[in-house]
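# Reading the structure
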Amino acid sequence: QVQLVESGGGLGQAGDSLRLACAVSGRTSSSYAMGWFRQAPGKEREFVAGLSRGGLFEYYADSGKGRFAISGDSAKNTVYLQMNGLKPEDTAVYYCAADRDSSSPLRVRSAYDYWGQGTQVTVSS
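Residues numbered from 1 in each chain as written. Predicted model: local features only at pLDDT ≥ 70, side-chain atom pairs only at ≥ 80, totals over all residues. Heavy atoms only, no water.

### Examining the pairing of strand 8 (residues 78–83)
Judged by how many residues are buried, strand 8 sits mostly within the fold: five of six residues are covered. Both strand 3 (residues 18–25) and strand 8 contribute to a ladder of six bridges, which runs antiparallel. The residue bridging C22 from the neighbouring strand is V79, located in strand 8. Sheet analysis places strand 7 (residues 68–73) next to strand 8, joined by six bridges and oriented antiparallel. The residue bridging F68 from the neighbouring strand is M83, located in strand 8. In textbook terms, the turn of a hairpin is the stretch between consecutive antiparallel strands, and for strand 7 and strand 8 this stretch comprises four residues, one of which, N77, has a positive phi near 50°. (Buried < 20%, exposed > 50% of the residue type's maximum accessible area, 1.4 Å probe, protein only. Helix = DSSP H or I, 4+ residues; strand = E, 2+ residues; numbered from the N terminus. Pairing = 2+ DSSP bridges.)

Set out below in structure tokens:
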């Protein structure tokens, strides 16, 4: 059974940096495309960043372009989201997800087969 566990969230101020981590158990990271989504209270879960199978290609929503970076460490079976220059509008629960079959664009939430429990990121102004 594939399990995803996020960590690294917390409370920060505008301009701070955080690095979220997603530990993948049961499978190697190279077997799946990976994604990060976020959901603020009262809003839909939205795409943040994606990493193709093998970690060759990166994709970003406009909200994080130039500030966020997704990466993976296959030896540790861990995917990261580096977030720099945090803004209050980044406040949300951040979820890690794994796409088993790569049949849909990574920006589409229905493409993913497995989801983590989420980690809270709160950014004050």
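From this point on, the discussion continues.
### Observations regarding unusual backbone geometry
For N77, which is not a glycine, the phi torsion comes out positive at approximately 50°. By secondary structure assignment, the location of N77 is in the loop between strand 7 and strand 8. The phi dihedral of S102 is positive, around 55°, even though this residue is not glycine.

### Examining the nonpolar core
In terms of nonpolar packing, the biggest core is built from 25 residues, with L4, C22, M34, W36, L81, M83 and Y94 touching the most fellow members. Those elements that place two or more of their residues in this core are strand 3, strand 4 (33–39), strand 5 (46–51), strand 7, strand 8, strand 9 (92–99) and strand 11 (119–124). Apart from the residues within four sequence positions on either side, C22 is in contact with L4, V5, E6, M34, W36, N77, T78, V79 and C96. Among the nonpolar cores identified, the runner-up in size contains eight residues, and A33, F37, F47 and L106 belong to it. (Core = buried A, V, L, I, M, F, W, Y, C linked by side-chain atoms within 4.5 Å. Contact = heavy atoms within 4.5 Å.)

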